[in-house]
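# Examination of the molecular architecture
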Amino acid sequence: MQDALFYTFAFLTLMFGFLVIANPFSRNPVTSAMFLVLTIISLAGLFVLLHAFFLAAVQVLVYAGAVMVLFLFVIMLLDLKAEERRKIKTLGVVGGLISTGAILAIFLSSLLKAPLGATQSPVVEGGTVALAKLLFTQYLLPFEIVSLLLLVAIVGVVLLSKKDLK
Amino acid sequence: MFQSLNHLISAWWPEPLRLILFLVGIMSFVGLNAAYLVWVERKGAARFQRRPGPTEVGWAGLLQPIADAAKLMSKQLILPAGVDATLFRVAPLLMMSPVLMSLAVIPWGRNLAACNLNVGLLMIFAFGSINVMAIMLGGWSSRNKYAIISAARVVSQNVAYEIPMLLVVITMIMVTGTMNLSEIVIQQSGAFWHWNIFRVWINPLMPVTFLIFFTCMLAETNRAPFDMAEAESELVAGAYTEYSGMGFGVFFMAEYANILLGCALATVLFLGGWQSPIGNLLGDSQSIVGVLFGVFWFFVKMYFLVFSVVWIRWTFPRTQFYRLLNLSWKILIPISLVTLILSSAMIKLFHQ
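In terms of regular secondary structure, chain A is built from six helices and zero strands. The helix and strand sequence of chain A, counted from the amino end, reads α-α-α-α-α-α. The long-range share in chain A, meaning contacts at least 24 apart out of those at least 6 apart in sequence, stands at 64%. Just so you have it, chain A exposes about 12,600 Å², and 76% of that area is on carbon and sulfur atoms.

All names here are of chain B. Across chain B, pLDDT averages 81, with 93% of residues at or above 70. Across chain B, element-level confidence peaks in helix α8 (residues 206–220) with a mean pLDDT of 88 and bottoms out in helix α1 (residues 2–12) with 48. Below pLDDT 50 for its whole length, residues 1–6 participates in zero contacts with residues either more than four positions away or in separate chains. On the interface metric, ipTM, the complex scores 0.71, and its pTM is 0.81.

Here we take up empty space enclosed by the protein. Residues and elements named next belong to chain B. All chains considered together, the criterion is met by three cavities of 30 Å³ or more. Approximately 250 Å³ is the volume attributed to the largest cavity. Taken together, 20 residues line the largest cavity, and the ones lying closest to its centre are G128, M165, E220, N258 and L261. Sorting the residues of the lining of the largest cavity by element identifies α4 (85–103), α5 (120–141), α6 (145–176), α8 and α10 (245–270) as the ones contributing at least two each.

Moving on, we get to the nonpolar core. Counting 114 residues, the largest nonpolar core has B:I106 and B:F213 as its most contacted members. In contact with B:F213, not counting residues within four places along its chain, are B:F125, B:M165, B:V168, B:V169, B:G262, B:L265, B:A266, B:L269 and B:F270.

Before going further, it helps to examine the layout of surface pockets. Looking at the second largest pocket, its volume works out to about 1,600 Å³. What lines the second largest pocket is a set of 44 residues, among which A:F9, A:G45, A:V48, B:M101 and B:F127 lie closest to the centre. When residues of the lining of the second largest pocket are traced back to their parent elements, those giving at least two are α1 (2–21), α2 (29–49) and α3 (53–78) of chain A together with α2 (14–48), α4 and α5 of chain B. Per element, the largest residue contribution to the lining of the second largest pocket is 10 residues, and it comes from α2(A). Residues belonging to the lining of the second largest pocket are distributed by class as follows: 33 nonpolar, seven polar and four charged.

Moving on, we get to unusual backbone geometry. Residues and elements named next belong to chain B. For R50, which is not a glycine, the phi torsion comes out positive at approximately 60°. Among the secondary structure elements, R50 is positioned in the loop between α2 and α3 (64–74). We classify R50 as exposed; its relative accessible area is 79%. Located in the positive-phi region is R143, a residue other than glycine, with phi close to 55°. Positionally, R143 belongs in the loop between α5 and α6.

The subject of this paragraph is the environment of B:E242. Residue and element names in this part refer to chain B. Within the secondary structure, E242 is located in the loop between α9 (232–235) and α10. Between the C-alpha atom of E242 and that of P92, which follows or precedes it by 150 residues, the distance is 12 Å. The contacts of E242, once residues within four sequence positions are left out, are I78, P80, F88, S142 and N144.

Aromatic ring pairs: the centre-centre distance and the angle between the two ring planes describe each pair. Residues and elements named next belong to chain B. Inspection of every chain in the model, using the stated rule, returns 19 aromatic pairs over all chains. Aromatic side chains F210 and F270 sit 5.3 Å apart centroid to centroid with 65° between the ring planes, which places their arrangement in the edge-to-face category. Of this pair, F210 sits in helix α8 while F270 sits in helix α10, and the two are 60 residues apart along the sequence. Measuring from ring centre to ring centre gives 5.5 Å for F252 and Y256, while their planes differ by 70°; the resulting arrangement is edge-to-face. Remark: Y256 and F252 occur in helix α10; sequence separation between them is four residues, near one turn of the helix. Exposure remark for F252: the relative accessible area of 29% places this residue in the partly exposed category. Classification of Y256 by relative accessible area gives buried; the value is 5%. An aromatic cluster of at least three residues, connected via ring pairs, comprises F29, W108, F298, F299 and Y303. Positioned over the ring face of W140 is R143, at 4.5 Å from the centre of the ring. Residue placement shows R153 over the ring face of F321; its charged tip is 5.4 Å from the ring centre.

How each quantity is defined
Residue positions are counted from 1 within each chain, in the order its sequence is given. By the order in which they are written, chains take letters starting at A while ligands take numbers starting at 1. Side-chain atom pairs in this predicted model are given and counted only at pLDDT of 80 or more, local residue features only at pLDDT of at least 70, and totals for whole chains, interfaces and linings cover all residues. Excluded from the side-chain calculations are hydrogens and water; all other atoms, namely the structure's heavy atoms, are used. Only runs of H or I of at least four residues qualify as helices and only runs of E of at least two qualify as strands under DSSP, and these elements are numbered from the N terminus. Working rule for contacts: check all heavy atoms of both residues, and any pair within 4.5 Å makes them a contact. Exposure was quantified through the Shrake-Rupley algorithm and a 1.4 Å probe, taking into account, for residues, occlusion by the shown protein chains and nothing else. The quantity known as pLDDT measures the predictor's confidence residue by residue, on a range of 0 to 100. A pocket, in this scheme, is an open set of points on a 1 Å grid over the protein atoms alone with protein on both sides within 12 Å along at least 5 of 7 lines, while a cavity is a set where a 1.4 Å probe fits but cannot get out; residues line either one if an atom lies within 4 Å of a point. Grid points are joined across faces, edges and corners, and a volume is the space filled by probe spheres set on the points. To define a nonpolar core, start from buried Ala, Val, Leu, Ile, Met, Phe, Trp, Tyr and Cys residues and group those joined through side-chain atoms within 4.5 Å. Classification of residues uses two cut-offs on accessible area relative to the type maximum, computed with a 1.4 Å probe and protein chains only: under 20% is buried, over 50% is exposed, and between them is partly exposed. Think of it as three bins: nonpolar holds Ala, Val, Leu, Ile, Met, Phe, Trp, Tyr, Cys and Pro, charged holds Asp, Glu, Lys and Arg, and polar takes everything else, Gly as well. Here is the rule: rings of Phe, Tyr and Trp (six-membered ring for Trp) pair when centre to centre is within 6.5 Å. Planes less than 30 degrees apart are stacked, more than 60 are edge-to-face, and the remainder are tilted. Two conditions define a charge sitting above a ring: the NZ of Lys or the CZ of Arg must be within 6 Å of the ring centre, and it must be within 35 degrees of the ring normal.

Written out as structure tokens, the structure is:
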């Protein structure tokens, strides 16, 4: 049952993820955004299978709820038409390949380091206390760096939305 | 092979069956409530305006909701030209289904929740955030100016009010130390001064916290005086303008289901859920009578809050949009931040 559910959710995640970037039926950005919501919800399903209920709920709350609503809001306000096929730029391809390669390298290195095989599945449901302790002791630096990233994003938005720069 | 199949069925059958039974129960409960809350709303409105309200169909108009439902269901579902057909059809369902799922974690009585999750509170907010998307998609896919204005309003309003609401909820999580709704209620056992709203020794601003929660709940469910999303005098019917028949009906039902969910959540978080206000009279709260007594008190509190929602709608005029946003960003968010910091300091200093 667990395995069947895992494969179902994994398949759904990959399928919806594919439909986000390459939907053969429509090139409407709103459709893509909706498929991204479905991808996020399937990912939340995978988290539930790992007994990480807290992560699953936060995933839906933050990404499917807050972030995607703002995505959709911006798409609707800008009123993007169905995207036409554009000429592919060399710089974009190179940048994309480099970043994809980097992500792949990180993914592979962590995958090779992880002990494969039967590990004991955690019994605790949610485990907010354990999560918070790890976040504020062992992973404090990455946590703070992420918050710095958000600060940079806020400054960037203020800069971009200011009309007359001097 | 057969043995493993048998094992699978015996391991999985009772839980899904129980869940299905609960979901069917919740769905019929929501349907009945949505229909009869409309009746309460119309009767209430009439009484506040010194007129009788619906009287024709059935005694005191009690059959009016059924007549309305029959009318809505027999109407044609019109798909206006130029709408985004899929999203237009999906939006009402997207509005309704999160509420039904959220109601599954509400503990109606002791041990009477469809799904007693440890992160129940978080799950309600996770699903609640999908509602915004439903109204926005409904408004946007209609390809109608008023509907799109309404969609834009809904997003800015809900984003603004989600912040103080979540701050208040974080305060409550800190005070109770759990996100399990049943445990939150169990902590409030005893007479009414044990309820979270009156626990001023943990946080002297607790009644204010409740008021903020209730205000945000009104804004999140798009109820008057914050119903900017469907302000009839400006936007026809807002995001629902192009919907006909049951498409509109589902949106309408979901609005009342959302009110019900918000009031149930306020009851659980602040008003002691199924605990009776005069202490445990029956002694054994685990027996069937005790549980039913609890359910009775839960409903009394919840329906009082629902009635207050109707009461507020017909007492206060609709606000203006910039005032609505000012209220959230300039008043509610600072106050809820103060309550958050105050209660964390109080817990750290006196209650550890």
